[in-house]
Amino acid sequence: MSAEAFIALELHSVVFLVIVGFIGGLVSGFIGSGGAFVLTPGMMSLGVPGVVAVASNLCHKFPKALVGAHKRHQYGQVDLKLGLWMAASASPGMWWGAGIQQDVRRLYGEAGSNLYVSLAFVIVLTIVGLFVLRDAVRVYRRGVSEQTSRLASWVQSVEIPGTMIRFRVAKLRVSVLFVLPLGFATGLLASTIAVGGFIGVPGMMYLLGASSLVASATELVIAFVIGLGGTLKFALGGLVDVRLAMLILLGSLFGVQLGAIGTTFVKPFMIKVVMATVMLIVALSRALVVPVHLEQLGVMSLERGTITLLERISFGFMVLALACGALIIVAAMLRSYRHA
Amino acid sequence: MTARAKPWLPMLVSGAASALCYVTLFAHEREVMAAFTRTDGWYPALPVLSAFLFSFVHGAFTGYFWEVVGVVARRPARDVESQELEE
């Protein structure tokens, strides 16, 4: 792609990228992921080609994750070893996911590919989001501490000689044969909906038994590795718009540090509350555009005005998801600050 | 416990360095975009190296910024896990 093919930046675009970068960074610093689902369509709405939007998003993702991971490492929340093991299998997961995407696009066209992505959003985020929400409500109502799930207790009890690894910060000793598939699933989801953390963080909490603080912090290590690899891949094709990436980074580094600091202010279950809220609103947002994709596939018919309306409402819900996440974090921090 | 002095000087220095990075990027926008989108040789490494540079410089600035503003971590590092266990 030639340099002339990249968009000319105007003031409103700059302000938009910095603000969304800040809010996305805030949520990422707190729950380990987030922001990508708004930034990519947001950049596309500014006229950025889809592939450049994805590439530029990735180019801001890995430095943001690096800064967030460093900050949370200072608070003793990052299990680097767990993050690197997860990241090692996330990379093949991403390749496999990208292959599935290409097959779907070849067989069913662009509309089929969009439908596949939206359904993945809706199914995964609804199931996992409801599960995380139920757990957060249970912890809040009963006032109990985070407890290891029955599944995680079983996983920790399984002894497979030669595969057992101790993760010191996460206070876990589990077989790598459970860690690697989880990392693979994280990569697979990352290549499908751009936010692997929606599987990675709940997986580390409910499958391995890590606390929400450690899981969300460790996810930043995975995001760094995935983001770095993805950026290199797109940079080899000359597709990264470094201006867009650095503008997002301008806001997101303020946000990611604030989000990381926020984890030391609030009770750990708030991470689950924010994660569940964001996931469920995003699922709703993507559910709204499923009829649009079905119309594009010729399965049903919709008027042009209805399609535009559904797409706008869907994007509005995406922004709402991020804004809700950010508001809950800031409100929880302020409440905690006043009670101190 | 004594209150720590706010890192005004590091914030101003890193802030100036961060501003310099951004001014350089946008003052030479055309040249930067022409070089950073080349696919031959080591040119594809430029966006990645820039991202690292900006994350160190601007990351340092934002860290000092929140410290100067007074938004700092509540619990020391090792207390985070123990508090969670207590809760």
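Nothing here was measured: the structure is a model prediction, and the numbers come from that model.

### Here we look at the overall build of chain B
Phase 1 of the analysis: A tally of regular secondary structure across chain B gives 4 helices and 0 strands.
Phase 2 of the analysis: The order of α-helices and β-strands along chain B, N terminus first, is α-α-α-α.
Phase 3 of the analysis: Out of the 87 residues in chain B, the part that is buried amounts to 36%.
Phase 4 of the analysis: Pairs at least 24 apart in sequence give 78% of the contacts found in chain B among residues at least 6 apart.
Phase 5 of the analysis: With an accessible surface of roughly 5,400 Å², chain B has 68% of that area assigned to carbon and sulfur atoms.

### Here's the deal with the packing of helix 3 (residues 50-74) of chain A against helix 9 (residues 242-262) of chain A
The description of two helices packed together rests on the angle between their axes and the distance between the axes.
All names here are of chain A.
Phase 1 of the analysis: Here helix 3 crosses helix 9 at 25°, and the two axes come no closer than 9 Å. Judged on the interaxial angle alone, helix 9 and helix 3 are roughly parallel. Considering only the axes of helix 3 and helix 9, their crossing is right-handed. Counted together, Ser-56, Cys-59, His-60, Pro-63, Lys-64, Val-67, Gly-68, Lys-71 and Arg-72 of helix 3 and Leu-244, Ala-245, Met-246, Ile-248, Leu-249, Ser-252, Leu-253, Val-256, Gln-257, Ala-260 and Ile-261 of helix 9 form the full contact between these two elements.
Phase 2 of the analysis: Each residue belonging to the contact of helix 3 with helix 9 can be placed in one class, and the counts come to 12 nonpolar, 5 polar and 3 charged.

### Notes on the confidence of the model for chain B
All names here are of chain B.
Phase 1 of the analysis: Put simply, chain B has an average pLDDT of 87, and 82% of its residues get 70 or more.
Phase 2 of the analysis: A low-confidence stretch, residues 77-87 (pLDDT under 50), is modelled with 22 contacts involving residues beyond four sequence positions or located in other chains.
Phase 3 of the analysis: Listed scores for the predicted complex are pTM 0.90 and ipTM 0.87.

### A word on helix 10 (residues 269-288) of chain A
Phase 1 of the analysis: Here helix 10 of chain A spans 29 Å end to end across 20 residues, near enough to the 28 Å set by a 1.5 Å rise per residue.
Phase 2 of the analysis: When you tally the buried positions in helix 10 of chain A, you get 16 out of 20 residues, the bulk of the element.

### Re the packing of aromatic side chains
Phase 1 of the analysis: Counting across every chain of the model gives 14 aromatic pairs over all chains.
Phase 2 of the analysis: For the pair Phe254(A) and Trp66(B), a centre-to-centre distance of 6.4 Å together with 85° between the ring planes defines the contact as edge-to-face. Here Phe254(A), found in helix 9, pairs with Trp66(B), found in helix 3 (residues 45-69), and the two come from separate chains. Neither Phe254(A) nor Trp66(B) differs from the other in exposure class; each is buried.
Phase 3 of the analysis: Taken together through their ring pairs, the aromatic side chains of Phe62(A), Phe224(A), Phe52(B) and Phe56(B) make up a single cluster.
Phase 4 of the analysis: We note Lys233(A) situated over the ring of Phe234(A); from NZ or CZ to the ring centre the distance is 4.7 Å.

What counts, and where the lines are drawn
- Residues numbered from 1 in each chain as written.
- Chains lettered and ligands numbered in written order.
- Predicted model: local features only at pLDDT ≥ 70, side-chain atom pairs only at ≥ 80, totals over all residues.
- Heavy atoms only, no water.
- Helix = DSSP H or I, 4+ residues; strand = E, 2+ residues; numbered from the N terminus.
- Buried < 20%, exposed > 50% of the residue type's maximum accessible area, 1.4 Å probe, protein only.
- Contact = heavy atoms within 4.5 Å.
- Areas by Shrake-Rupley, 256 points an atom, 1.4 Å probe, with all protein chains shown as cover.
- Axes fitted to C-alpha atoms, helices over the stretch in contact; angles between N-to-C directions.
- Parallel < 35°, antiparallel > 145°, perpendicular 65-115°, else oblique.
- Left-handed = near helix turned anticlockwise from the far one by under 90°.
- Nonpolar A, V, L, I, M, F, W, Y, C, P; charged D, E, K, R; others polar.
- pLDDT = per-residue confidence, 0-100.
- Expected span 1.5 Å × (residues − 1).
- Phe/Tyr/Trp six-rings, centres within 6.5 Å; stacked < 30°, edge-to-face > 60°.
- Lys NZ or Arg CZ within 6 Å of the ring centre and 35° of its normal.

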